[in-house]
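Report on the structure
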Amino acid sequence: QVQLQESGPGLVKPSQTLSLTCTVSGVSVTTNVYYWTWIRQPPGKGLEWMGAIRYSGSTYYSPSLKSRTSISRDTSKNHFTLQLSSVTPEDTAVYYCARVALASWSYDYWGQGTQVFVSS
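Residues numbered from 1 in each chain as written. Predicted model: local features only at pLDDT ≥ 70, side-chain atom pairs only at ≥ 80, totals over all residues. Heavy atoms only, no water.

1. Focus: the overall build of the protein chain
Along its length, the protein chain carries zero helices and 11 strands. N-terminal to C-terminal, the α/β element order of the protein chain is β-β-β-β-β-β-β-β-β-β-β. Rg of the C-alpha trace for the protein chain: 14 Å, near the compact-globule value of 14 Å for 120 residues, within the 12% margin. Seen along its three principal axes, the alpha-carbon backbone of the protein chain occupies a region of about 40 × 30 × 25 Å. Burial analysis of the protein chain (120 residues in total) assigns 42% to the buried set. Taking the contacts inside the protein chain whose residues are at least 6 apart along the sequence as the reference set, 53% of them involve residues at least 24 apart. Roughly 6,300 Å² of accessible area belongs to the protein chain as shown, and the carbon and sulfur atoms make up 48% of that amount. (Helix = DSSP H or I, 4+ residues; strand = E, 2+ residues; numbered from the N terminus. Rg over C-alpha atoms; globule rule 2.2 N^0.38 Å. Buried < 20%, exposed > 50% of the residue type's maximum accessible area, 1.4 Å probe, protein only. Contact = heavy atoms within 4.5 Å. Areas by Shrake-Rupley, 256 points an atom, 1.4 Å probe, with all protein chains shown as cover.)

Below, the structure written as structure tokens:
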């Protein structure tokens, strides 16, 4: 079955870069009917779409985060990654990776989420 799992540091200092990895099993990240996305949820707030990488490698970003966000993939490891630079305490959130299926245009699989604190 398809599974996604986030990994990375739970604590990042302000001004540093947050790097997270989503490990995908059960399906290739190059399968040509999916987008692979990053979503976050700050405490007490709603879900925020951050960006996505298409099966082809094309990337798309939230306008509010575009200048600080980079999404990439490692096809040999079946990973896709998130880098968020110049973090502040407002970037504290639970970070999720999730799959979007083109046919349904919905999130059909999610990782469990990983809590990231930004603090000195």
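2. Brief notes about the pairing of strand β11 (residues 114-118)
Of the two faces of β11, only one is covered, namely that formed by Thr114, Val116 and Val118; the face formed by Gln115 and Phe117 stays uncovered. Inspection of the sheet shows strand β2 (residues 11-12) paired to β11 by two bridges, in the parallel sense. Residue pairing across strands places valine 12 opposite valine 118, the latter belonging to β11. The pairing of strand β9 (residues 93-101) with β11 spans three bridges and is antiparallel. Bridged to valine 94 within β11 is glutamine 115. (Pairing = 2+ DSSP bridges.)

3. Digging into the nonpolar core
Of all hydrophobic cores here, the largest spans 27 residues; its most connected members are Leu18, Val24, Trp36, Trp38, Phe80 and Tyr95. Only β3 (18-25), β4 (34-41), β5 (48-54), β8 (79-84), β9 and β11 provide two or more residues apiece to this core. Once you skip the residues sitting within four places of it in the chain, tyrosine 95 turns out to touch Glu6, Leu18, Leu20, Ile39, Arg40, Met50, Leu82, Leu84, Gly113, Thr114 and Val116. (Core = buried A, V, L, I, M, F, W, Y, C linked by side-chain atoms within 4.5 Å.)

4. Focus: the side chain of serine 62
Considering the arrangement of structural elements, one finds serine 62 in the loop between β6 (59-61) and β7 (69-74). When sequence neighbours within four positions are dropped, the list of residues in contact with serine 62 reads Trp49 and Met50.

5. What about unusual backbone geometry?
One non-glycine residue, serine 15, lies in positive phi territory at about 80 degrees. Relative to the helices and strands, serine 15 resides in the loop between β2 and β3. Given the relative accessible area of 60%, serine 15 is considered exposed.

6. Examining a nonpolar patch on the surface
On the surface, Leu47, Trp49, Tyr60, Tyr107 and Trp110 cluster together into a nonpolar patch covering about 480 Å² of accessible area. By the element assignment, tyrosine 60 lies in strand β6. (Patch = residues over 30% accessible without salt bridge, like charges linked within 9 Å, V, L, I, M, F, W, Y side chains within 5 Å. Salt bridge = Lys/Arg side-chain N within 4 Å of Asp/Glu carboxyl O.)

7. Quick word on the sheet that holds β3
One open sheet holds the four strands; their spatial order is β1-β3-β8-β7, and the pairing between them is antiparallel. Lying at the two open borders of the sheet, with one neighbouring strand each, are β1 (3-7) and β7. Sheet twist, expressed as the mean angle between neighbouring strand axes with direction ignored, is 20 degrees. The pairing of β3 with β8 spans six bridges and is antiparallel. Along β8, the bridge assignment pairs cysteine 22 with phenylalanine 80. (Axes fitted to C-alpha atoms, helices over the stretch in contact; angles between N-to-C directions.)

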